[in-house]
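Geometric and topological summary
Next come the chains, spelled out residue by residue.
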Amino acid sequence: MNSIPASLIPADDAARLQALARYQLLDASSEKVLDEVVAATARLFGVSNAMLSVIEKDQVLVKAPYNLPVAIERIPRQQSLCSATILQDETAVFEDLDQASPSSVDISLLQQLGLHFYAGHNLRTPDGYNIGSLCIYDGPPRQFNPAERAVLATLAGLMMRLLELRRTLGAHAETSAVLWAPVYQVLGAQLVRLTALAERTTPVAGPAHLTDAVAQEARSIVTVIDQYVDAALRRV
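Residues numbered from 1 in each chain as written. Predicted model: local features only at pLDDT ≥ 70, side-chain atom pairs only at ≥ 80, totals over all residues. Heavy atoms only, no water.

1. Focus on the pattern of salt bridges
Side chains bearing opposite charge may pair, as long as their charged atoms lie close to each other. This is how it is decided: Salt bridge, as used here, is a side-chain nitrogen of Lys or Arg placed within 4 Å of a carboxyl oxygen of Asp or Glu.
For the structure shown, the criterion picks out 16 salt bridges. Through salt bridges that share partners, D27, E31, K63 and R166 make up one connected network.

Encoded structure:
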């Protein structure tokens, strides 16, 4: 296996991996709350694929995959655009991978899968470590405007807050179901609103491009969930 380019390894990678270990994410088991947020993200942007990536030492775990062309649990770190995404604080966007991509990332797998568009925003822990990303993919190239980038960043922030709550309450197993029930209730209601917004604004053919007004509405829906999760974190 090819070695990971040094340019993909942040200077704080050892500490970052220690931070990642706190979240106990390193398996591909399906978890309802994570799956539903990733699916809602894909529908909102009208893209074919989405996932939560977790950047391990040598590999990237595909967590909560949505409609990926093939079943993939892990890929080498040097073949994941999310490995480059965690190196920056802003949303990473590659509107046409045939025209531009990080030189340190081998995108041959994405090309084989016919994916030419990528956008991802890192999952940043409260103590400042980027442990993965919430990312979306699509077949054809597409533009991704500033309002859309802001919404994706907001959704990634929500996902990180949910991971914090998950770390506190425990994973979404049978033993912790009673603790997660109120979260599911609030999350479910707001994701229904988000899905309805996506259905109302996504064209029948072609990708959805969020207007400023639609982006603002989406962010207000996410804020309701975020405020509830934040309140839950303060109670536990």
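From this point on, the discussion continues.
2. Some remarks on the sheet that holds strand β2 (residues 59-66)
Put simply, the rule reads: Following DSSP output, two strands are said to pair if at least two bridges run between them. Runs of H or I in DSSP of at least four residues are treated as helices and runs of E of at least two as strands, each being numbered from the N terminus. A fitted line through C-alpha atoms represents every axis, and for helices the fit uses only the stretch in contact; the resulting angles, taken between N-to-C directions, go from 0 to 180 degrees.
In space, the six strands of this open sheet follow the order β3-β2-β1-β6-β5-β4, with antiparallel pairing throughout. Each edge of the sheet is formed by a strand with only one pairing partner; in this case those strands are β3 (74-76) and β4 (92-94). Neighbour-to-neighbour, the strand axes of the sheet open up by a mean angle of 25 degrees, direction not taken into account. Sheet topology places strand β1 (residues 49-55) next to strand β6 (residues 130-138); six bridges connect them, and they run antiparallel. Bridge pairing links M51 to C135 in β6.

3. Some thoughts on the pairing of β1
For the record, the criterion: Relative accessibility decides the category of a residue: with a 1.4 Å probe and only protein chains considered, values under 20% of the type maximum give buried, values over 50% give exposed, and everything between is partly exposed.
Counting buried positions over the seven residues of β1 gives seven, a clear majority of the element. With burial as the criterion, each face of β1 is covered, one bearing N49, M51, S53 and I55 and the other bearing A50, L52 and V54. Sheet topology note: the β1/β2 ladder contains five bridges and is antiparallel. Bridged to S53 within β2 is V62. Joining the antiparallel neighbours β1 and β2 is a turn of three residues.

4. Some words on the nonpolar core
We apply this condition: Each nonpolar core is a collection of buried residues, namely Ala, Val, Leu, Ile, Met, Phe, Trp, Tyr and Cys, held together in the definition by side-chain atoms within 4.5 Å.
L44, F45, L123 and L194 are the most contacted members of the largest nonpolar core, which totals 53 residues. Those elements giving two or more residues to this core turn out to be α2 (32-45), β1, β2, β5 (117-124), β6, α5 (146-169), α6 (177-201) and α7 (212-235). Of the residues forming this core, the biggest block, 12 residues, is contributed by α5.

5. Description of the packing of α2 against α5
The cut-off we apply is this: Convention used here: angles under 35 degrees read as roughly parallel, angles over 145 as roughly antiparallel, angles from 65 to 115 as roughly perpendicular, and any remaining angle as oblique. Residue contacts follow a heavy-atom distance rule, with two residues in contact if any of their heavy atoms lie within 4.5 Å.
The contact between α2 and α5 brings their axes to 11 Å, and the two run at 175 degrees. It follows that α2 is roughly antiparallel to α5 by the angle criterion. When α2 is examined against α5, the residues V33, L34, V37, V38, T41, L44 and F45 are found in contact with a partner set consisting of E148, V151, L152, L155, M159, L162 and L163.

6. Here's the deal with the packing of aromatic side chains
The criterion, for reference: Put simply, two rings from Phe, Tyr or Trp (the six-membered ring, in Trp's case) pair if the centres are within 6.5 Å, and we call them stacked under 30 degrees between planes, edge-to-face over 60, tilted for the rest.
Counted by the stated rule, this structure contains four aromatic pairs. Ring plane angle 55 degrees and centroid distance 5.6 Å describe the contact between F117 and F144, whose orientation is recorded as tilted. Of this pair, F117 sits in strand β5 while F144 sits in the loop between β6 and α5, and the two are 27 residues apart along the sequence. Residue class for F117 comes out buried when judged on its relative accessible area of 0%. A relative accessible area of 2% means that F144 is categorised as buried. Through successive ring pairs, a cluster of aromatic residues spans F45, F117 and F144.

7. A closer look at helix α1 (residues 13-21)
Note the threshold: Note: the arc covers the axis-to-C-beta directions of the helix.
For α1, every residue scored as buried is listed here: D13, R16, A19 and L20. Angularly, the buried residues of α1 cover 115 degrees about the axis, an arc narrow enough to put them on a single face. Away from its buried face by more than 90 degrees, α1 exposes A14, Q18 and A21. For α1, the secondary structure elements touched by its buried residues are β1 and β6.

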